[in-house]
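# A closer look at the structure
Given next are the chains, with one letter for each unit.
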Amino acid sequence: MTVTVPLVLVVGALVFLAWRYLGLKLWHALIALLFGFLLAATALAPDIRAAIGAALSWITGQ
């Protein structure tokens with residue numbers, strides 16, 4: 001699965017909207033970002049990548 005710029009922009013927009021309108025604190029977003037980087041370095045990373053790829057394939061109908 002290749003993460004494209006539009007996917008990154010959509011996720012970034014969702015985080016911005018959550019921060020702006022849903023009361024997400026900036027430090028919550030930073031902790032989630034740090035957790036994502038740490039999770040990417042674990043043995044679960046390929047399984048997570050496969051699950052995200054399957055979900056995106058299901059959503060897009062491919």
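So, a few notes on the structure that sits alongside this text. (Residues numbered from 1 in each chain as written. Predicted model: local features only at pLDDT ≥ 70, side-chain atom pairs only at ≥ 80, totals over all residues. Heavy atoms only, no water.)

What follows concerns the overall build of the protein. Check the secondary structure of the protein and you find 3 helices and 0 strands. Looking at the protein as a whole, 5% of its 62 residues are labelled buried. When the accessible area of the protein is evaluated, it comes to approximately 5400 Å², of which 77% is carbon and sulfur surface. (Helix = DSSP H or I, 4+ residues; strand = E, 2+ residues; numbered from the N terminus. Buried < 20%, exposed > 50% of the residue type's maximum accessible area, 1.4 Å probe, protein only. Areas by Shrake-Rupley, 256 points an atom, 1.4 Å probe, with all protein chains shown as cover.)

Next up on the list: the packing of aromatic side chains. Overall, the coordinates contain 1 aromatic pair when judged by the stated rule. Residues Phe 16 and Trp 19 carry aromatic rings whose centres are separated by 5.8 Å and whose planes lie at 55 degrees to one another, so their mutual orientation is tilted. Of this pair, Phe 16 and Trp 19 both sit in helix α1 (residues 5-21), 3 residues apart, roughly one helical turn. Between Arg 20 and the ring centre of Tyr 21, over which it is positioned, the NZ or CZ distance is 5.8 Å. (Phe/Tyr/Trp six-rings, centres within 6.5 Å; stacked < 30°, edge-to-face > 60°. Lys NZ or Arg CZ within 6 Å of the ring centre and 35° of its normal.)

Taken together, the side chains of Phe 16, Leu 17, Trp 19, Tyr 21, Leu 22, Leu 26, Leu 30, Leu 33 and Phe 37 define a hydrophobic patch exposed on the protein surface, amounting to about 1100 Å² of accessible area. Within the residue set of the nonpolar patch, elements represented by two or more residues are α1 and α2 (26-40). On the basis of relative accessible area, Tyr 21 is assigned to the exposed category, the value being 61%. (Patch = residues over 30% accessible without salt bridge, like charges linked within 9 Å, V, L, I, M, F, W, Y side chains within 5 Å. Salt bridge = Lys/Arg side-chain N within 4 Å of Asp/Glu carboxyl O.)

The next subject is helix α3 (residues 45-60). Taking 1.5 Å of rise per residue, the 16 residues of α3 would be expected to cover 22 Å, and the 22 Å separating its terminal C-alpha atoms lies within 8% of that figure. Gly 61 sits one or two positions beyond α3 and adopts a positive phi of about 80 degrees. (Expected span 1.5 Å × (residues − 1).)

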